[in-house]
Amino acid sequence: MKFYRIVISLFFLGFVNYTFAISLRINKSHGDSLPLNSTVVHDILPNGFTYYIKPVPEAPNITIYLWVKAGGANQLKGESLAAHLIEHLPHNGTKNFPGGFIEYHPAFKPYGVKSEAGTGYYRTEYQLSISDDNLNQELLDSLLLWFRDISDLDISPSDVRKEANILKQEFKRVTRKPSSSYFFAEYKRRSIVFPCLNEVLNDFSDFFDNISSEGVTKFYQKWYRPDLMGLAVIGNIKKTEIIERKVRNTFSDIPLPSSPLPINICTESYLNSSSNFGIVEIKWEGNVIPEDKRPLEVFLNYRIKDSNLKKGYGKDKIQADLLQESLQNLLKYRLNHDEIAASFIQSNWLDKGLPYYEIHFKEGKNKEKQRIQRITQLLSSIKNKGFTSEEWIKVRNSLIEQLESKDTTSGRYWYYQIEQHFVLGRAFPDNKEDFLKQILMSLTIEDINRYVKNNMGIIPDDITMVAPSGHKAFSYSEKEVREWIQNVLSKPIDDYKPDAKKANFEEKKVTPTIMSRQQAEQLKPVSIERKAFDSITKSEIITLQNGIKLILNGEESKTNTKGYISIHGYRHGGADLFKESSYYSALNAPSLVHYAGIGNMSNEELGQNLFRVGRQKQEITYINNNTSGIKITGREISAEEIMQLIYLYISQPREITMEAEQNWIEQSNFNYFDSYVPVSYRDFIEAQKDFLGDRIKRGTVYPSIFSTKRFYGIGKTDKKKSYDIYNQLFGHAAEFTFIINGVYSKKAILPLLQKYLGNLPNKNKIVKQMGRIQRLVPSGPVYKEFFLEDLNPGYKMYGPQYELVYRCKVDDMNDWWKDNERLKMISEFISSRVDQLRFKNRFALYDIYVYSIFNPALKVCELRINFDTEAEELEGLRKECENIIQELIDKPIGKKEFKIVCKNDIYPRYITEKSEQLSDDEIFDYYRYNIPLFDKRERNRFIHSLTPENMQETARKYFVKENKYEFVLKNNK
């Protein structure tokens, strides 16, 4: 199965008070013509400030949002990163709330106020959240006053300089993976096409060298004004009228400039500009991808010029919006069912001033001409002959399903709708989802194809490419590429014929079972050899005739339509059983089998069935260093199909074909290059684990976690050896234990376990090999530096990563959980102190992680502090961390601080947790690693019994030099 990312967003831009399929109630206030749900309290103050108040009884908290209709697209030359930098400033303190991180201000800290913010193209957002139990009149006044302060910031050159360094740390996340080179190339490419993106940033330093306090101040003064501001209070609100009165009193006096500048949203200048063409060079770091394997990326942009999209909120407008969204979903469907043209299609209605859709593909085999021509053929066929009824039914049903799945009782739903109403001018009528659904149901394929014929473009307005250095694309001229397109259009239009393999699979009905009836009937339930009962886990222990051990835990279901089942089968032994040369062949064996398929199913058929019964498509088998296994969760009603999947994965793995192997390599490349997790962090953690001799992973599936070493391991994988290792590890049923957890009927499930798991074969035992040698762990204190140049990754870092680790062996395993909970609690107090290094001490920090973990295999508790920083600040930050730890050793935490942090950050974690039900991980750790269980009610009593003095005892016990390890990751020596 080839891997393509498909992203398409569903946005509806406007409605009016008219009858179309259903009657529509409209709430309009004080001359505002934009329809709004009648349950939302709304007004616009004389100075232009807008507010919304929406009670949501089911919401767990109350959140206040402030939007400013200005973002990155409004920055002019000299205002580089102004929008983003300003977004940071209020959290450092404001006129009425000075002195550091706003969450720690005395007005907010006792109540557990949480803050967030974000910047987009056309808006900047600020938010404060609070539990509704903690909200009182005084706190409400303070919350609103903080938002009021955002309109009156005092921005000094010193503030800008310090915050620029912190912003630099935030942007480092983009650069700490191989796709970082693409980030800068993509920024340059977009600036070719879109007039508002007028800055060309060539590399990382450009982002920060171009920041000026004058530009930041100028941007702030232009756009942070009341007529561009909107406030929303959403959540479990008790007295709407009190909040409304306070909002009006707080924000009415924000002055409006005498001559406010019109906001630039770029729509007309973009739609009316001439066509664009450009090829941008991407310079890859290192040699992770050989030069001949580096892909070309092609972007074809089609501007949306339907005049009805500009027609206020009438019938023509809403129908045009729906038709446009339907068209883009149909295009996605058609393109992705064609082997040559399969592409990424992105609707950009979210970028209010950039009305276009984009077809984008990666090409690594120099077939960009053929693919552009094939896309043009498909578009030409669509425009002249239309979509089919079958395509429209599938797409329409998908859109309706999206509408029906919206949770209109959640605070997030109301936040999104209100944000769209204020920022992008999108109507939000009563019963919006029902209204849209009925309109969609009324649209016929004739409506769709009529719209396509009149409005869809088949020649891209803008053509851009991102090409690796030396690619032949740099010789292409705009004339040449457009001639490719014209050559296709000059030929007769063929009838559309979807890709045969994909069409056949779509048309083929998926049978109720993964195996045929005949195959299933050949398997007979085997007998039970032994039964026992584990009073500690309250599990029934059953040994089947073939030696498999079953552990039946979980709750008894009353009906299988609501029950679910989680099955985790594991055996001792994994990749470390085999020679060093076979290590990556072992680790990658489950992925190769998954891409090869199982039984009679190809990878694509397997993925469809996995998603249908278990809502996942990745492989469900795994091989870690010390454990191998299979894990899947699904509804109880699908239990037999789940058992069949397990049976086939273990007993009938297919050998991989060259095509399937190539697909696996493509997906593996994606996991490394485009994962949202920075690769440098994975490389850093893996280097630490190797140094500490910690080669253990929890017994679950990690198909998408790729470090640089794991990426290079692809080239060290022998597919024949992988297949042999897989069969050795999974081919001897008697070595497996299966944990069955969830909510299910044991009476109904046991016969299925006897039938499918009981028939797993005992045919392959592992041939013992000389495994990987475990290194001895040095005792602390240790300071160890690692260097990227030793890995040869496809990225570089702009500053070091640092991690402080206290690694503590558990003395009494019966009380391991007490050690773990003490460290969890103390990590909260460390976290608030480390945060202040950024907000109060103004160190260049952004992502700061303080956390504790328990390693069940090594019986070790760890406390970790991790962050990126500047090279010149590293020694100072090491000293500050040492001081924080020493302070906790020297004196107890203050009683007031202890009470506040426990109330807001620690105790709430345990309120909703079920005390009886054991989690999958708890049961696995108990049986796999002999980790004692504990009574959760006792755990909760223990947590509430802890005192500041206990925290000091914990610090003195664990934060000793023998347990201390410091690690640093740098580019080079």
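In this text, all values refer to a predicted model and were calculated from it rather than measured experimentally.

Focus: the overall build of the protein
Turning to step 1, where the next piece is worked out: The number of helices and strands found in the protein is 32 helices and 24 strands.
Turning to step 2, where the next piece is worked out: Within the protein, contacts between residues separated by at least 24 positions form 82% of all contacts whose residues are at least 6 apart in sequence.
Turning to step 3, where the next piece is worked out: Within the structure as shown, the protein displays about 41400 Å² of accessible surface, and the carbon and sulfur contribution to it stands at 49%.

Observations regarding the sheet that holds strand β24 (residues 964-970)
Turning to step 1, where the next piece is worked out: Sheet architecture is open: 5 strands sit in the order β20-β24-β21-β23-β22, paired in mixed fashion. The outermost strands of the open sheet, each flanked by one partner alone, are β20 (782-787) and β22 (848-855). For this sheet the average axis-to-axis angle between neighbouring strands, irrespective of direction, equals 20°.
Turning to step 2, where the next piece is worked out: Judged from the 9 bridges that link them, strand β21 (residues 801-809) and strand β23 (residues 860-868) form a sheet pairing that is antiparallel. Across the sheet, residue E803 finds its bridge partner in β23, namely N866.
Turning to step 3, where the next piece is worked out: Sitting on the sheet, helix α27 (residues 816-839) touches β22 and β23, and the angle it makes with β22 is about 170°.

Some remarks on the side chain of E186
Turning to step 1, where the next piece is worked out: Residue position: E186 is located in helix α4 (residues 180-193).
Turning to step 2, where the next piece is worked out: Among the polar contacts listed, one links the side chain of E186 to the side chain of R189, at a separation of 2.8 Å.

A look at the sheet that holds strand β6 (residues 229-235)
Turning to step 1, where the next piece is worked out: Strand order in the open sheet formed by 6 strands is β1-β2-β6-β3-β5-β4, and the pairing between neighbours is mixed. Edge positions in the open sheet fall to β1 (41-44) and β4 (114-119), since each of these has one partner strand only. On average, each strand axis in the sheet is tilted by 10° relative to the strand beside it, whichever way the strands run.
Turning to step 2, where the next piece is worked out: In terms of strand pairing, strand β3 (residues 61-68) meets β6 through 7 bridges, oriented antiparallel. Considered in β6, the bridge of V68 is made with M229.
Turning to step 3, where the next piece is worked out: In the packing of helix α7 (residues 240-251) onto the sheet, the strands contacted are β1, β2 (50-55) and β6, and the crossing angle to β2 comes to about 165°.

Some remarks on the nonpolar core
Turning to step 1, where the next piece is worked out: In terms of nonpolar packing, the biggest core is built from 58 residues, with M825, I826, F829, I830, I865 and F959 touching the most fellow members.
Turning to step 2, where the next piece is worked out: If you tally residues by element for this core, the top one is α27, at 9 residues.
Turning to step 3, where the next piece is worked out: What M825 contacts, discounting residues up to four positions off in sequence, is F898, C902, I906, I943, L946 and M951.

Regarding the packing of aromatic side chains
Turning to step 1, where the next piece is worked out: A full pass over the atoms with the stated rule returns 38 aromatic pairs.
Turning to step 2, where the next piece is worked out: For the pair Y476 and W484, a centre-to-centre distance of 5.1 Å together with 80° between the ring planes defines the contact as edge-to-face. Pair check on accessibility: Y476 and W484 agree, each one buried.
Turning to step 3, where the next piece is worked out: When the ring of Y965 is compared with that of F967, the centres are 6.4 Å apart and the planes differ by 10°; the resulting orientation is stacked. Comparing Y965 with F967 shows no difference in burial state: the two are buried.
Turning to step 4, where the next piece is worked out: Three or more aromatic residues joined by ring pairs make a cluster, and in this case those are Y52, Y65, W67, Y415 and F422.
Turning to step 5, where the next piece is worked out: Of note, K69 hangs over the ring of F422, and the distance from its end group to the ring centre comes to 4.4 Å.
Turning to step 6, where the next piece is worked out: When the ring centre of F299 is taken as reference, the NZ or CZ atom of R189 above it lies at 3.6 Å.

Observations concerning unusual backbone geometry
Turning to step 1, where the next piece is worked out: Here the amide bond leading from G780 into P781 is cis, since omega sits at 0°, within 30 degrees of zero.
Turning to step 2, where the next piece is worked out: Looking at the secondary structure, you find P781 in the loop between α26 (746-757) and β20.
Turning to step 3, where the next piece is worked out: A positive phi angle, close to 55°, is found at K538, a residue other than glycine.
Turning to step 4, where the next piece is worked out: With respect to the secondary-structure elements, K538 resides in the loop between β12 (528-534) and β13 (539-544).
Turning to step 5, where the next piece is worked out: With a phi angle near 60°, N930 is a residue other than glycine that sits in the positive phi range.
Turning to step 6, where the next piece is worked out: Relative to the helices and strands, N930 resides in the loop between α30 (920-929) and α31 (936-945).

A look at the pairing of β24
Turning to step 1, where the next piece is worked out: With respect to burial, β24 is a largely interior element, 6 of its 7 residues being buried.
Turning to step 2, where the next piece is worked out: Pairing of β20 with β24 involves 6 bridges; the strand directions are parallel. Opposite F786, over in β24, you have L969 as the bridge partner.
Turning to step 3, where the next piece is worked out: Pairing of β21 with β24, which is carried by 6 bridges, proceeds in the antiparallel orientation. In the strand pairing of β24, E803 is matched with F967.

Concerning the confidence of the model for the protein
Detailed reading of the predicted coordinates is not advisable wherever pLDDT is low.
Turning to step 1, where the next piece is worked out: Here the protein averages 85 in pLDDT, and 85% of its residues register 70 or above.
Turning to step 2, where the next piece is worked out: Contacts from residues 349-353, a stretch scored under 50 in pLDDT, to residues over four places away or in other chains number 27 contacts.
Turning to step 3, where the next piece is worked out: Contacts for the low-pLDDT stretch residues 503-512, under 50 throughout, to residues beyond four places or in other chains number 14 contacts.

A short note on the pattern of salt bridges
Turning to step 1, where the next piece is worked out: Throughout the structure, instances matching the rule amount to 43 salt bridges.
Turning to step 2, where the next piece is worked out: D447 is paired through a salt bridge with R450; the nearest N and O atoms lie 3.2 Å apart. Residue D447 and its partner R450 are located together in helix α14 (residues 445-455), separated by 3 residues, close to a single helical turn.
Turning to step 3, where the next piece is worked out: Salt bridges sharing common partners tie together E803, R807, E862 and R864.

Quick notes on the environment of K709
Turning to step 1, where the next piece is worked out: By secondary structure assignment, the location of K709 is in helix α24 (residues 708-713).
Turning to step 2, where the next piece is worked out: We classify K709 as partly exposed; its relative accessible area is 36%.
Turning to step 3, where the next piece is worked out: Leaving out residues up to four positions away in the same chain, K709 has contacts with Y584, D683, E686, D690 and L791.

Quick look at the side chain of S668
Turning to step 1, where the next piece is worked out: Tracing the sequence through the fold places S668 in helix α22 (residues 658-673).
Turning to step 2, where the next piece is worked out: A relative accessible area of 2% places S668 in the buried class.
Turning to step 3, where the next piece is worked out: Aside from chain neighbours lying at most four places away, what touches S668 is F706 and I714.

Comments concerning the state of the cysteines
Turning to step 1, where the next piece is worked out: Taken as a whole, this structure holds 0 disulfides when the rule is applied.
Turning to step 2, where the next piece is worked out: The thiol of C808 is not disulfide-bonded; the next cysteine sulfur, from C861, is found 6.8 Å away.

Observations concerning the packing of α27 against helix α29 (residues 895-906)
Turning to step 1, where the next piece is worked out: Viewed as axis vectors pointing N to C, α27 and α29 meet at an angle of 105°, and their least axial separation amounts to 11 Å. The angle between α27 and α29 falls in the class roughly perpendicular. Where α27 abuts α29, its residues M825, E828, F829, S832 and R833 lie against E897, F898, V901, C902, D905 and I906.
Turning to step 2, where the next piece is worked out: Residues belonging to the contact of α27 with α29 are distributed by class as follows: 6 nonpolar, 1 polar and 4 charged.

A short note on the packing of helix α10 (residues 368-385) against helix α15 (residues 478-489)
Turning to step 1, where the next piece is worked out: Direction vectors running N to C along α10 and α15 enclose 45°, while the axes themselves pass 9 Å from each other. As far as their axial angle goes, α15 and α10 are oblique. The handedness of the crossing between α10 and α15 is right-handed. For the pair α10 and α15, contact is made by K369, I372, Q373, T376, Q377 and S380 and by V481, W484, I485, N487, V488 and L489, respectively.

Some thoughts on the environment of K961
Turning to step 1, where the next piece is worked out: By secondary structure assignment, the location of K961 is in the loop between α32 (948-958) and β24.
Turning to step 2, where the next piece is worked out: Sequence separation of K961 and S779 is 182 residues, and the distance between their C-alpha atoms is 8.8 Å.
Turning to step 3, where the next piece is worked out: Leave out the neighbours within four places in its chain, and K961 touches G780 and P781.

With respect to the environment of P46
Turning to step 1, where the next piece is worked out: Relative to the helices and strands, P46 is located in the loop between β1 and β2.
Turning to step 2, where the next piece is worked out: On the basis of relative accessibility, which here comes to 80%, the residue P46 falls in the exposed class.
Turning to step 3, where the next piece is worked out: Once the C-alpha coordinates of P46 and S252 are considered, the two residues, 206 residues apart in sequence, prove to be 7.3 Å apart.

The rules behind the values
Residues numbered from 1 in each chain as written. Predicted model: local features only at pLDDT ≥ 70, side-chain atom pairs only at ≥ 80, totals over all residues. Heavy atoms only, no water. Helix = DSSP H or I, 4+ residues; strand = E, 2+ residues; numbered from the N terminus. Contact = heavy atoms within 4.5 Å. Areas by Shrake-Rupley, 256 points an atom, 1.4 Å probe, with all protein chains shown as cover. Pairing = 2+ DSSP bridges. Axes fitted to C-alpha atoms, helices over the stretch in contact; angles between N-to-C directions. Polar contact = N/O pair within 3.5 Å; in protein donor to acceptor, adjacent residues only side chain to side chain. Core = buried A, V, L, I, M, F, W, Y, C linked by side-chain atoms within 4.5 Å. Buried < 20%, exposed > 50% of the residue type's maximum accessible area, 1.4 Å probe, protein only. Phe/Tyr/Trp six-rings, centres within 6.5 Å; stacked < 30°, edge-to-face > 60°. Lys NZ or Arg CZ within 6 Å of the ring centre and 35° of its normal. pLDDT = per-residue confidence, 0-100. Salt bridge = Lys/Arg side-chain N within 4 Å of Asp/Glu carboxyl O. Disulfide = S-S within 2.5 Å. Parallel < 35°, antiparallel > 145°, perpendicular 65-115°, else oblique. Nonpolar A, V, L, I, M, F, W, Y, C, P; charged D, E, K, R; others polar. Left-handed = near helix turned anticlockwise from the far one by under 90°.

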